[in-house]
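# Topology and contacts: notes
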Amino acid sequence: MWCSLQYLLLLTAIVATASSPSTPTRYINLPTKTNVSNALYQYLSTSTNDSSRKLQTFDALNEIFAEISLDLPDATVDRSGLEITITELVCRDLNVGDIQIDHEIQSPTSQKVGVNVIGIKIICNFRYAYRWTIFSGEGAGNAVLDPTSNASIDMEFKSKDYTMYPPTDVDVADCRTDVQIADMNFDGDGVGILSGILNLFEGLLRDTIEGELNTLVCNELSGLGDEALDEFLLTVSTQLDVFLEPEFAGTNPLYFEDSLELHAGSDGLPLYLDFQEMKNSTGLINSAWEEVDKLFTVSNATEGIPFNNIMRDYVLDESQLLEIDPSILSSANSFFNGHDMLTETSMSIKSIKIKGLDSFTKMDVLKAIGKHTLWNSVQLDYLDVVVEIESVMKASSKDDAVIVAENSPPIKELFTVDFKVTDITVDFSIFLGINLDTLGNLQLGSVLDMTSIFPCLLNAIDNLSITELSVKVEDMVPPTLSGFLDSGVDYLISKGAKSLFHMYEAVLIRAMPNFFDSFVREKLNEFLTDFGEVDGCPEPDSSLKGIVDFRALLLPVQRSVELLGSGDSPYGSLVRSIYGVVEKLMAASDENGLSQMNSIIKTMTASQSNVQGDLSFPGELFGTKMNVALNGLNAAIELSMKDLAVTNIDTLGAPITLLQPMKGESSVLNNSVSIGVSDAVRTSFTLKVMGKGDEVEVNNELELGISMSNVDMMLELLAEIQEEPFLQFPVRDITNMNCWLATVVRPILNNYGVREGEADSGIVLRKVSVAVAEAGLDMKCIECTSPLLLDMQDVLTSQKG
């Protein structure tokens, strides 16, 4: 905006000097061409053709002009023996009627920008001294510019090919001016003949000055293409060329991992977490990984990618925007500071808001392409970035300042810049060196609060580097700028931004892959390096030395108070948040009335047995051999059990209650579950009994099974967990049940192992209730030599059995 204002000030200053007489051989002393061109550039290089636009209002802009004055250089002119020296030339009450900007794409190599300033009005006051033959004197005068005065210029911006290269040259194709002085008045100091002399020559002086000014304006503007604008375009082109050549071929995302020499950890195992091993593992880790994958996969066409819902619920605000603190981009208060002969201007970013972070259309993430390198590819429908900028402008304090406004307060303006890109594809790879020793030594109490998880995880990351970054967009929407002083200023800035956009759009899209993979990736890695050096992981609260209160650990404050809890939150928000999600799942049911927890069970069991809802433990579970001598029977007996299987675990009814705190009890948890609701739960195993004695030999191998339908189980559990070992619990032992048992309060036992003192302490099943609607026992002989077993098989398989 301010470059446009400065151009208008300079242009009207040139026109305003028409109040000074002139000769064809001596020009008025004006600011240098370099100063003029610097102020004119951004305005002259902006806009698009819009001949049908509404007439804009520049009232607010003219109010600013009314508060300032143009202090112009002294000038001496002579004509037909009359010599006049003009001093103290100050112009005020500047007013602009209208400004029109045209932008035209003439060919693949040429674009034209036209600027037309209409209705320039200004009043100039000055002191003068004259000499004519034997007469001389001095006095004061003023001049008023005709409001029909105007000036226009057409500039041609050239490129080898706008689809491939930025513009590098600009020529002034046409310049047209029509400066008209409406009135000139003079008052003499002492010599009465003075005013008559000036009035006699006013008409001749008016024509001469107008002609000289029309020529002067175009001469100054025509030089812009040869100096400042060409230099500016070449500078921009040089900066862009770095990212245009060579064509983007991508970066080897494994270069960092391949060049790194890793040593073993303290336990002799690999130092860093191996993502490929995690991905290929079985059991709980693999199930968790698959559940995470589901967050990035389209579940159905209506709901889209679940990750979008996570962004809306936990990251974005109610308007689905993410607001970024501008200080993370720069620690300086302003990103632009300029001081020239016209103004002293500073600009600072007040806010950055991003919309579209919930428009993911495809996510292929967390792919372990190396042991420690994860490849990711995401696609978004759009990204809309709105930047709020504050601009502060005041009169220049330089010695050669044109604008004089010593007592005027700074002019502050708050405006927004909105730019949007669509169909974005981002491919990036991250080397993530998570030190297993450091991670394992993390204490549970340090990460119980959600805000502490990220800084604590950062402490465990020895190396974090973006090894590949590619960003591609299908289209860029012309930026819009709004919030300016009035519609006229909005028009100028928006048209200027669109003109630059059309000149550079194709080039920016072409340069984007190299720009992000080199410059942006380098800056991000510098930021990650500095950010990772900050130690923000807190120590567990050492003042907690009592018994864990499950009401405070699992429930929000209000619900905890309702159960007669203290209402404190000594254990952070992590467990509470996880339990809140699990509670919703336990309460939810599908269309058949079954618990939605069955979907999780299906995934976990399938990873273990390859069959949804089944658990399988093939092989021998235990075996023993013994010699028996009883009542004359001497035999060697071999007993073993193998191939344990549990089927139809995914038949839970809704709702389910697990680990639910109870009113007035800090360490008691209520549990209730219904299983076998749709299909009977069956547990089976193979039993083998072999015996050989003096008079007997048996060889029995049989499969035993028990089936139960509609089993209701209720369990009231007392679990007294000590706060200190719980909070100091190392993450590496989180799957070790023995370590968890070590946190339980130890009951006092006598010499015979019997509890003394309080009966209920440590872990106690206070109440157990099981109700089975239907149960059945089945047996199948694989190899049975005992006739009794064959008879039992027949009975159990019959309807009566």
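Only a predicted model underlies this, so the values are computations on that prediction, with no experimental measurement involved.

### What about the environment of valine 731?
The topology assignment puts valine 731 in the loop between α17 (723-727) and α18 (737-741). Those residues in contact with valine 731, other than ones at most four positions away along the chain, are Leu439, Gly440 and Leu442.

### Comments concerning the state of the cysteines
Following the criterion strictly, the structure yields two disulfides and no others. At a sulfur-sulfur separation of 2.0 Å, the disulfide partner of cysteine 456 is cysteine 537. Handedness of the cysteine 456-cysteine 537 disulfide follows from its S-S torsion of about 90°: it is right-handed. With cysteine 456 in helix α11 (residues 450-459) and cysteine 537 in the loop between α12 (487-532) and α13 (550-554), this residue pair connects regions lying 81 residues apart in the sequence.

### Some points on α11
Of the residues making up α11, those classed as buried are Ser452, Pro455, Cys456 and Leu458. Relative to the axis of α11, the buried residues are bounded by an arc of 155° and lie together on one face.

### Considerations on the confidence of the model for the protein
The share of residues in the protein with pLDDT of 70 or more is 76%, and the mean pLDDT across the chain is 77. Low confidence marks residues 1-53, where pLDDT is under 50. Its contacts with residues over four positions away, or in another chain, come to 174 contacts.

### Focus: the nonpolar core
If you look at the biggest cluster of nonpolar residues, it comprises 81 residues, and the most contacted ones within it are Phe157 and Met363. Top element by residues in this core is α12. It accounts for 12 residues. Within the second largest apolar cluster, 33 residues are counted, among which are Leu458, Cys537, Leu554 and Leu727.

### Focus on the packing of aromatic side chains
Enumeration over the complete set of coordinates arrives at nine aromatic pairs. With a centroid separation of 6.4 Å and 85° between ring planes, the pair formed by tyrosine 255 and phenylalanine 256 is classed as edge-to-face. Aromatic side chains phenylalanine 256 and phenylalanine 431 sit 4.8 Å apart centroid to centroid with 55° between the ring planes, which places their arrangement in the tilted category. Placement of the pair is phenylalanine 256 in helix α6 (residues 255-258) and phenylalanine 431 in strand β15 (residues 411-434), with a sequence separation of 175 residues. In textbook terms, an aromatic cluster arises when at least three aromatic residues are bridged by ring pairs, as seen for Phe243, Phe515, Phe516 and Phe519. Against the face of tyrosine 165 rests arginine 510, its NZ or CZ located 5.6 Å from the ring centre.

The rules behind these values
Note that residues are indexed from 1 along each chain, following the sequence as it is written. In view of the model being predicted, local features appear only for residues whose pLDDT reaches at least 70, and side-chain atom pairs are presented and counted only at 80 or more, with totals across whole chains, interfaces and linings using the full set of residues. Computation of side-chain values: all heavy atoms of the structure, hydrogens and water removed. Put simply, DSSP H or I for four residues or longer makes a helix, DSSP E for two residues or longer makes a strand, and each gets a number counted from the N terminus. Contacts are residue-level and defined by heavy atoms, with any inter-residue pair within 4.5 Å sufficient. Working definition: a disulfide is two cysteine sulfur atoms within 2.5 Å of each other. Classification of residues uses two cut-offs on accessible area relative to the type maximum, computed with a 1.4 Å probe and protein chains only: under 20% is buried, over 50% is exposed, and between them is partly exposed. Arc definition: it is the arc formed by the directions from the helix axis to the C-beta atoms. You can read pLDDT as the predictor saying how much it trusts each residue, on a scale of 0 to 100. Residues grouped as a nonpolar core are buried Ala, Val, Leu, Ile, Met, Phe, Trp, Tyr and Cys residues, joined through side-chain atoms within 4.5 Å. Between rings of Phe, Tyr and Trp, where Trp is taken as its six-membered ring, a pair exists when centres lie within 6.5 Å; planes separated by under 30 degrees are stacked, by over 60 edge-to-face, and by other angles tilted. The criterion is that NZ of a Lys, or CZ of an Arg, lies within 6 Å of the ring centre and within 35 degrees of the ring normal, and then a charge sits over that ring.

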